[in-house]
Amino acid sequence: MIGPVVKTETGEPGRSHLRREAQLLLRARHPGVVTISAFSDQDGSTRLTIAAVTGCTLAEAPPRTPVDALRFTAALARTLADLHEIGLAHRLLRADHVLSTVDGRPVLSEFGDATANADDDDRRLDAEALRDLVGLIASATTPGPRGSRAAGALRALAADVRSSPVPMSPADVAARAGREASRRTPRIGRHRARPSRHRVAAFALGPAIILATVVLMSQHAGETPAPASLPVAPAAEKTPMRVEVGGTQYDVGQAGDQVLVADWHCDGEPSAALLRPATGEVFVFTSLPAEGELLTARRVATVSGGISLDDDQTDAPCPPLVVRRSDGSRQSIGDR
């Protein structure tokens, strides 16, 4: 566990610095960035409290396997690219300022030197720091008995990033690391699908792919699962929840996930949408799987404070995908 981190200043220069850092964090609002749990600015004192993160720093514990390292690199680079898109640059990116959560996600901290008006030099500084971190991550991994190809892909990425005459952009690093992670992720064991229902399905863990699986447990011939709200497993459960839709049983997601089945693609066929409240990420699966299939899902949004999916119109032919926040507000997700 890292934090919560409390920063307090009483002198005006320091207070101004904390106000600026708080504004930058509020502007970022990204699952790959630490969040503010409290802020006060009164009675001659300014206090900024950063929410705790369950994990450690990248300096303390880099990813151990090549595939994990590729995923981590892709997510880290994507966070930087997203920040650059809105004009933010970190400017002090180093291993002890990158936190690694227990589920292997990178989270950026220490925004005291960041800027909200990034120029080419600021973005180049982040890109150069990312180059060094990719090298550190690559050097810290162990190939393992099945990791030689992934390790080679990771080493090649680190070498290309290091040798590039112009610092490779975070977006380019994210795209390449994500592709390699997707290619090198082992298939998950599954039963053979019946020939009449066979479809090709992969389980890739790139930055835009969900960490959960949807696995069809039994299929009744001739039945089409109806749109329905699926129950959520208690938080204490470690295994996926078992749910039933139209007589078909599924294992869906992980403890705490919120799942709804409806015609999310507006094609007359049901599919699953999943909200992960821990990160605010919203995913939509391509369809419902046939027997033994594993399906990929695309991350369509990240909603800060999202706690549930709105089930008011799931019976509609083409229902809106709406996330309810903890403050009672709602966000509609159009592109899915």
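All residue numbers refer to positions counted from 1 along the written sequence of the respective chain. In keeping with the predicted nature of the model, local features appear solely for residues at pLDDT of at least 70, side-chain atom pairs appear and are counted solely at 80 or more, and the whole-chain, interface and lining totals rest on all residues. The side-chain numbers reported here are obtained from all heavy atoms of the structure, hydrogens and water having been left aside.

Student: Break down the confidence of the model for the chain for me, citing the residues and quoting the values.
Tutor: Per-residue confidence from the predictor is reported as pLDDT, which spans 0 to 100. Taken residue by residue, the chain gives an average pLDDT of 78. The fraction at 70 or more is 76%. When checking whether two residues touch, look at their non-hydrogen atoms; a contact exists if any pair is within 4.5 Å. Predicted confidence for residues 186-239 stays below pLDDT 50, and this span has 140 contacts to residues more than four positions away or in other chains.

Student: I'd like a description of the pairing of strand 11 (residues 258-262), backed by residues and values.
Tutor: For each residue, the accessible area found with a 1.4 Å probe, counting protein chains only, is set against the maximum for its type, and the residue is called buried under 20%, exposed over 50%, and partly exposed in between. Note on conventions: DSSP H or I runs of at least 4 residues are helices, E runs of at least 2 residues are strands, and numbering of each starts at the N terminus. Of all 5 residues that make up strand 11, 4 are buried, and the element is covered over most of its length. By this definition, two strands are paired if DSSP reports at least two bridges between them. Here strand 11 pairs with strand 12 (residues 271-276) via 5 bridges, running antiparallel. Of the residues in strand 12, the one forming a bridge with valine 259 is leucine 274.

Student: Describe the sheet that holds strand 1 (residues 5-9), and please don't skip the residues or the numbers.
Tutor: Reading across from one edge, 1-3-2 is the order of the 3 strands in this open sheet, with antiparallel pairing throughout. Each edge of the open sheet is held by one strand with a lone partner, namely strand 1 and strand 2 (36-42). Neighbour-to-neighbour, the strand axes of this sheet turn through a mean angle of 5 degrees, independent of strand direction. Pairing between strand 2 and strand 3 (residues 45-50): 6 bridges, direction antiparallel. Paired with isoleucine 36 across the two strands is isoleucine 50, which belongs to strand 3. Here the axes come from fitting lines to C-alpha atoms, over the contacting stretch only for helices, and the angles between their N-to-C directions go from 0 to 180 degrees. Sitting on the sheet, helix 1 (residues 12-28) is in contact with strand 1, strand 2 and strand 3, with an inclination near 145 degrees to strand 2.

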